[in-house]
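# Structure at a glance
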Amino acid sequence: MTKDIIIALVVVVGLGFDFTNGFHDTGNAMATSIATGALGPRTAVALSGVLNLVGAFLSLSVAATIASGLVQTHLVTVTVVLAGLIGGILWNLITWLFGIPSSSSHALIGGVIGSTIAAAGGHAVKWQGLVSKVIIPAGLSPIIAGLIAATGTWLIYRISRNISDGARRHGFRYGQIGSASLVSLAHGTNDAQKTMGILTLALIANGSLPTGAKTPFWVILCCALAISLGTYLGGWRVIRTLGKGLVEIEAPQGMAAESASAAVILLSSHFGYSLSTTHVATGSILGVGIGKKGAEVRWNVAGRMATAWVFTLPVAALVGAGAYGVAAGIGGLAGVIVDVLILLALAGYIYFRSRKSAVSHDNVNDEWTGTVAPDQPESVAA
Amino acid sequence: MSGVDKWINLTALWQIVVVGLLAGAGLPALFAFGLRFLNMPAGGRVATAGAGAGPDGHHHAVAGHENEETVYGGNSMGLVAACVCFAVILAAIGYGIYLIVAGA
């Protein structure tokens, strides 16, 4: 009975992570389309939500590899997974509060690694796998995406230079819808799989599934719904930073950015690299700023983002380790419940803080004034 | 160097960059060509080719197009060429989706 409650809580927390993953990443696909007006904000998040749902069902090659390439999975317990998820959720929420696009994938990986170390020691982590499959691709992918996006932008502007601005904007807005949709689909196939993989791992560790079992359909369904719902609620704060805070984007640039993102994400997963869609999308957006003469790139915003990225793995790991320490220290069902209560309390506090400088579909496109929420007297980060 | 191979799969990296450029930059470029073909005026010549922007910023001296947002310039050959471009793009996207569904 106790085991059942614990695993049920872990599944719920896992879906909670998937939900935060959803709203954190909406912007990767849709920020550029919202910023240029190619899609209305609510239409964009609805479209992205539906496509994420579809995408989550499309690819059946599930990333249980997210764990097996990184940690010794036989050392992973249900509590380890719970703590890892908590680490991931809290990092997602904190970066969301500050409107910083950051990798949900890294948050999850960091959390799980932290809790694994806390539970089983450093030897339980496959460090080479971490560096070669996560860290190095994380560093390279935004550069490659930026390069492709810059090239695409330069080509687009050259080729279409004789078209009137209005006509060009009109045409590329259609292009944007297509490319942004593709990114949403790609995101659904990639990111939902990660939570499915982690939950499958938890179920195997709990004995609910035999070792090496495939992900059950109900897990797929619930994860798909969770990420899709999160996407639809839309992380407006992050959308705003991506769409308005980094580069002032026109329709052709928007299409170039999303096309580059889609290409890099799809190609990389084809080769077995599970990338951060956030890193790729941000790299693309910076690339279109570079590719167009006279475009303004706010490097200070980019710098804040890069700092957050560097901290993602270690901080999520620390939180994951801490969460594990609390749960294991108290022990049993009580430990798990305390962990979940702390998570809810912190999440509630973060949400409460966010209301003071709310960003939503009606002010997401306002002029960038240097802070996440428009027209705030002092920065939220203070 | 075998040392590097342990950390970076250079073959995969190379392929991602090249195919990424072809698809991620090439397809939008093709789309831009499609728009350009679509935009050709009925006379058959690309509007103001080489003339650049006039003093008032307008690129077209085409009669009958008051709506600056209209992409279609009236040239039916251009329309055909544009459709070919867009068809290629859709095919490429379809192939991409097929790759997803078929799995890595």
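Just so it is clear, the structure is predicted and the values come from calculations on it, not from any experiment.

### Looking at the interface of chain A and chain B
- Of the residues lining the interface, 43 residues belong to chain A; the matching set on chain B comes to 41 residues.
- Taken together, the connections running from chain A to chain B amount to zero salt bridges.
- For the interface between chain A and chain B, the tally reads one residue pair in polar contact (both at pLDDT 80 or more).
- Among the secondary structure elements, those contributing two or more residues to the side of chain A that touches chain B are helix H6 (127-159), helix H7 (165-206) and helix H10 (251-270) of chain A.
- The greatest single-element share of the side of chain A that touches chain B, amounting to 14 residues, is contributed by H6 of chain A.

### Describing empty space enclosed by the protein
- Applying the stated criterion across every chain, the model contains four cavities of 30 Å³ or more.
- Empty space within the largest cavity amounts to approximately 160 Å³.
- The wall of the largest cavity is formed by 16 residues, among which Pro137, Leu140 and Tyr273 of chain A together with Leu13 and Ile16 of chain B lie closest to the centre.
- Those elements giving two or more residues to the lining of the largest cavity turn out to be H6 and H10 of chain A together with helix H2 (10-39) of chain B.
- For the lining of the largest cavity, the element with the highest residue contribution is H6 of chain A, accounting for six residues.

### Things to note about the packing of aromatic side chains
Residues and elements named next belong to chain A.
- In total, this model carries seven aromatic pairs over all chains according to the counting rule given.
- Note on Phe19 and Phe23: the rings are 5.8 Å apart at their centroids and 80 degrees apart in plane angle, and the pair reads as edge-to-face. Of this pair, Phe19 and Phe23 both sit in helix H1 (residues 2-36), four residues apart, roughly one helical turn.
- Judged by relative accessible area, which is 24%, Phe19 ranks as partly exposed.

### Focus: helix H8 (residues 217-233) of chain A
Residue and element names in this part refer to chain A.
- Between its first and last C-alpha, H8 extends 24 Å over 17 residues, near the 24 Å set by a 1.5 Å rise per residue.
- Along H8, the residues that are buried comprise Val219, Ile220, Cys223, Ala224, Ala226, Ile227, Ser228, Gly230 and Thr231.
- The inward-facing, buried residues of H8 contact H1, helix H2 (41-58) and H7.
- Once H8 finishes, Gly234 follows within two positions and takes phi at roughly 70 degrees, a positive value.

### Some words on the environment of Val17 of chain B
- By the element assignment, Val17 of chain B lies in helix H2.
- On the basis of relative accessible area, Val17 of chain B is assigned to the buried category, the value being 16%.
- Sequence separation between Val17 of chain B and Asn75 of chain B is 58 residues, and the spatial gap between their C-alpha atoms is 37 Å.
- For Val17 of chain B, the residues in contact, after removing those within four places along its chain, are Ile144 and Leu147 of chain A.

### Comments concerning the confidence of the model for chain B
All names here are of chain B.
- Across chain B, pLDDT averages 76, with 70% of residues at or above 70.
- Within chain B, H2 carries the highest mean pLDDT (92), whereas helix H1 (residues 2-7) carries the lowest (68).
- In this model residues 46-66 is a low-confidence stretch, pLDDT under 50, and it forms 26 contacts with partners more than four residues away in sequence or in other chains.
- Complex prediction metrics read pTM 0.86 and ipTM 0.85.

### Here's the deal with H1 of chain A
Residues and elements named next belong to chain A.
- In this model, H1 (35 residues) spans 52 Å end to end at C-alpha, consistent with the 51 Å of a helix rising 1.5 Å per residue.
- For H1, the principal kink sits at Met30 and spans about 65 degrees.
- Of all 35 residues making up H1, 25 are buried, and the element is well covered by its neighbours.
- One or two steps after H1, the chain reaches Gly37, where phi turns positive at roughly 85 degrees.

### What to know about the nonpolar core
Residues and elements named next belong to chain A.
- Counting 117 residues, the largest nonpolar core has Val10, Val13, Leu85, Ile109, Phe172 and Leu246 as its most contacted members.
- Counting residues per element, this core draws most heavily on H7, which supplies 13 residues.
- Residues in contact with Leu85, not counting those within four places in the same chain, are Val10, Val13, Gly14, Phe17, Leu108 and Ile198.

### What to know about the packing of H10 of chain A against helix H11 (residues 277-291) of chain A
Residue and element names in this part refer to chain A.
- Running from N to C, H10 and H11 point in directions that differ by 145 degrees, and their axes come no closer than 8 Å. For the pair H10 and H11, the sense of crossing is right-handed. The residues of H11 that touch H10, namely those facing Gln253, Ala256, Ala257, Ala260, Ser261, Val264 and Ile265, are Thr277, Val280, Ala281, Ser284, Ile285, Val288 and Gly289.
- For the contact of H10 with H11, the class distribution of residues is nine nonpolar, five polar and no charged.

### Quick word on the packing of H1 of chain A against H8 of chain A
Residues and elements named next belong to chain A.
- At their nearest, the axes of H1 and H8 sit 7 Å apart, and the two run at 40 degrees to each other. Between H1 and H8, the crossing angle belongs to the class labelled oblique. Both H1 and H8 take part in a crossing whose hand is right-handed. Between H1, through Val11, Leu15, Asp18, Phe19, Asn21, Gly22, Phe23 and Thr26, and H8, the contact on the second element is made entirely by Trp218, Cys222, Cys223, Ala226, Ile227, Leu229, Gly230, Thr231 and Leu233.
- For the contact of H1 with H8, a count of residues per class yields 11 nonpolar, five polar and one charged.

### Considering the pattern of salt bridges
Residues and elements named next belong to chain A.
- The tally for this structure, following the rule as stated, stands at six salt bridges over all chains.
- In this structure, Asp191 engages Lys194 in a salt bridge whose closest nitrogen and oxygen atoms are separated by 3.5 Å. Of the two residues, Asp191 and Lys194 both sit in helix H7, three residues apart, roughly one turn of that helix.
- On the basis of relative accessibility, which here comes to 2%, the residue Lys194 falls in the buried class.
- For Glu248, the salt bridge goes to Arg298, with nearest N and O atoms at 3.3 Å. Here Glu248, found in the loop between helix H9 (236-245) and H10, pairs with Arg298, found in the loop between H11 and helix H12 (299-330); they are 50 residues apart in sequence, far enough to count as distant.
- Overall, the relative accessible area of 14% leaves Arg298 in the buried class.
- One continuous salt-bridge network, built from bridges that share partners, spans Lys244, Glu248, Glu296 and Arg298.

The rules behind these values
Residues numbered from 1 in each chain as written. Chains lettered and ligands numbered in written order. Predicted model: local features only at pLDDT ≥ 70, side-chain atom pairs only at ≥ 80, totals over all residues. Heavy atoms only, no water. Contact = heavy atoms within 4.5 Å. Salt bridge = Lys/Arg side-chain N within 4 Å of Asp/Glu carboxyl O. Polar contact = N/O pair within 3.5 Å; in protein donor to acceptor, adjacent residues only side chain to side chain. Helix = DSSP H or I, 4+ residues; strand = E, 2+ residues; numbered from the N terminus. 1 Å grid on protein atoms, 1.4 Å probe; cavity = no way out; pocket = protein on both sides within 12 Å on 5 of 7 lines; lining within 4 Å. Points joined across faces, edges and corners; volume = space filled by probe spheres on them. Phe/Tyr/Trp six-rings, centres within 6.5 Å; stacked < 30°, edge-to-face > 60°. Buried < 20%, exposed > 50% of the residue type's maximum accessible area, 1.4 Å probe, protein only. Expected span 1.5 Å × (residues − 1). pLDDT = per-residue confidence, 0-100. Bend = angle between axes of the 7 residues up to and from the residue. Core = buried A, V, L, I, M, F, W, Y, C linked by side-chain atoms within 4.5 Å. Axes fitted to C-alpha atoms, helices over the stretch in contact; angles between N-to-C directions. Left-handed = near helix turned anticlockwise from the far one by under 90°. Nonpolar A, V, L, I, M, F, W, Y, C, P; charged D, E, K, R; others polar. Parallel < 35°, antiparallel > 145°, perpendicular 65-115°, else oblique.

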